[in-house]
Structure formats: C-alpha cells, structure tokens
Amino acid sequence: MTENFLVEHDGPITTITFNRPERRNCLDQAVILDFERHLHAVRDDRDCRVLIVTGKGTAFCAGADKSMFESPAGAVVDPAERRRRMSEFGKRWPRLIGRAFDVLAHLDQITIGAINGYAVGGGWSFALAFDFAIAVEGAEFWVPEVDLDVPYRGAPASGLAAMLGPWRAKEAILMCCHYKAEELFAMGALNRVVKPEALMPAAHELAKTMAAKSRDALASSKRDINAVFFGQRLF
C-alpha cells in the first residue's frame with residue numbers, strides 16, 4: 001500500500017510530500033490524521049528548523065476525496081444517501097481540517113508551501129497556514145465547500161479573509177471563485193510564482209536562508225504575526 005506521505009530530512013530541512021498522485025493528493029479522514037501525525041513529529045524535532053510541504057504529481061492537494069460520497073463499486077449513491085453523507089462530512093470536516101491547520105500554523109519551525117498544482121478546499125486551507133507560499137505557473141486555487149452545501153469556517157476562513165480582504169474573501173468562499181497562481185500573486189496572496197522546474201530549487205533556497213537565522217528570533221516573531229490572524233498559540 002502506498003504511503004500517504006513521503007518524508008525527507010536534509011540537515012535542518014524536512015520535506016513532507018503528499019503522495020497520492022493517482023487521486024490528486026486528495027484528503028479523507030485517514031490522510032488528514034496521518035498529516036497531523038507528521039506535523040506533530042516535526043513540532044517535536046529539535047533538529048528541524050524549516051518544513052517544506054509539497055505534492056507529488058499534478059496537484060498539491062485537491063481537497064476532499066470524492067469516493068467518500070460514492071458506493072464501493074464507484075457508482076454514485078442515491079440522492080438521499082448522498083445528502084446524508086454530505087451532512088456528516090459538513091459536521092466533521094471543518095474540525096478535522098482545523099485541527100491540522102492549527103498545528104501547522106503554530107509550528108515554531110518556518111514553513112514553506114511548494115504548491116505544485118491544484119490547491120482545492122482543504123488543500124488551499126493548508127496552504128494558508130504556511131509562512132511562505134511559492135506556486136507554479138497556472139496552479140489553481142479554490143474552495144468549493146459552499147457549492148457542496150458545506151460551510152467553510154474556522155481558522156482557514158479567517159486566514160483567507162485576512163489575506164484577501166472581506167470582498168475578495170466573500171468571492172472566494174461564498175461564490176467559490178477559482179484563482180490562478182498569477183492572480184493570487186498580484187493580490188499579495190503568494191510570495192512567488194515560478195516555472196514547475198524551479199519550484200523545489202526556490203523552496204530549498206528559501207529554506208536554507210531561513211535555517212541560517214536565529215531559531216528563537218524567528219519563532220518569537222512568527223508567533224506575534226500569527227496571533228493577529230490565527231489567534232494565540234495554545235500549546
């Protein structure tokens with residue numbers, strides 16, 4: 001069975017890679033819990049100074065795994081059963097995503113998102129928690145939750161509103177608008193947009209720059225900035 005994530009250590013830099021390319025690195029409960037477990041390991045690793053997160057294949061993370069709403073054979077379930085599953089999804093999904101988001105956003109380590117393709121729903125939510133985000137040209141971002149009758153709430157929604165401002169955030173969340181990486185960069189919502197072959201070199205160059213700085217100065221400064229957008233760290 002393929003592991004959901006690949007983890008690499010290069011001195012003070014750890015890289016976590018979503019490893020479900022055949023499913024566009026989509027999320028289900030097991031994947032989210034696995035991601036949270038890896039984040040806890042990074043949090044407790046005193047040798048790790050910088051975390052890079054990226055995806056394998058053409059997507060960074062394409063949000064919820066649609067197989068959760070289908071029958072085992074792949075056929076779409078009847079409408080009533082689908083609504084029931086969507087209702088259950090809406091109740092538990094924000095908490096699952098939010099819990100992993102909180103760990104990621106409040107890590108003492110500097111975090112870099114290397115967005116290699118689609119960042120949808122929970123994928124864009126996680127991207128909002130990074131300290132720095134670099135995306136490939138043409139990468140697409142959107143949150144489809146409202147169109148799926150699921151509220152988009154919690155720290156990711158607050159982070160998106162803080163990043164885009166109230167009007168753009170309502171376009172993104174209520175209208176479920178799609179954005180290209182180039183549009184988000186123009187809005188100040190990404191640090192850089194690069195060609196695909198330049199993505200990981202750019203992420204590693206930034207990681208090495210940050211790893212050379214004072215651990216305590218970075219962590220304390222980061223906490224004060226993040227408190228404005230995500231609230232005080234609770235652990």
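Each remark here, short or long, concerns the structure printed above.
All of the points below concern the structure found in this document. (Residues numbered from 1 in each chain as written. Predicted model: local features only at pLDDT ≥ 70, side-chain atom pairs only at ≥ 80, totals over all residues. Heavy atoms only, no water.)

Before going further, it helps to spend a moment on the sheet that holds strand β1 (residues 5-10). Across the sheet, six strands lie side by side as β1-β2-β3-β5-β7-β10; this open sheet has mixed pairing. The open sheet has two edge strands, β1 and β10 (192-194), and neither has a second partner. The sheet shows a mean angle of 20 degrees between the axes of neighbouring strands, direction not considered. Strand direction decides the pairing type here: strand β5 (residues 110-115) and strand β7 (residues 132-136), joined by four bridges, are parallel. Each residue of the ladder has a partner; that of I112, found in β7, is F132. Each of β1, β2 (13-18) and β3 (50-55) is contacted by helix α1 (residues 29-43), which is oriented at about 180 degrees to β2, the strand it contacts most. Here helix α7 (residues 199-211) sits on the sheet and contacts β2, β3, β5, β7 and β10; the angle it forms with β3, its principal contact strand, is near 165 degrees. (Pairing = 2+ DSSP bridges. Helix = DSSP H or I, 4+ residues; strand = E, 2+ residues; numbered from the N terminus. Axes fitted to C-alpha atoms, helices over the stretch in contact; angles between N-to-C directions. Contact = heavy atoms within 4.5 Å.)

For the rest of this paragraph, the subject is the nonpolar core. With 65 residues, the main nonpolar core has F18, L27, F35, L104, W124 and F141 as its most contacted residues. The dominant element in this core, judged by the number of residues it contributes, is helix α2 (residues 79-105), at eight residues. (Core = buried A, V, L, I, M, F, W, Y, C linked by side-chain atoms within 4.5 Å. Buried < 20%, exposed > 50% of the residue type's maximum accessible area, 1.4 Å probe, protein only.)

This next bit is on the environment of V136. Position of V136 relative to the elements: it lies in strand β7. Residues V136 and G117, spaced 19 residues apart in sequence, show a C-alpha to C-alpha distance of 6.7 Å. Apart from residues no more than four positions distant in its own chain, V136 is found in contact with I115, N116, G117, A181, V193, V194, P196 and L199.

Moving on, we get to the sheet that holds strand β4 (residues 59-61). On the basis of which strands lie adjacent, the open sheet formed by four strands has the order β4-β6-β8-β9 and mixed pairing. Edge positions in the sheet fall to β4 and β9 (179-180), since each has one partner strand and no second. Taken together, the two bridges between β4 and strand β6 (residues 118-120) define a ladder with parallel strand orientation. Bridge pairing in β6 links C61 to A119.

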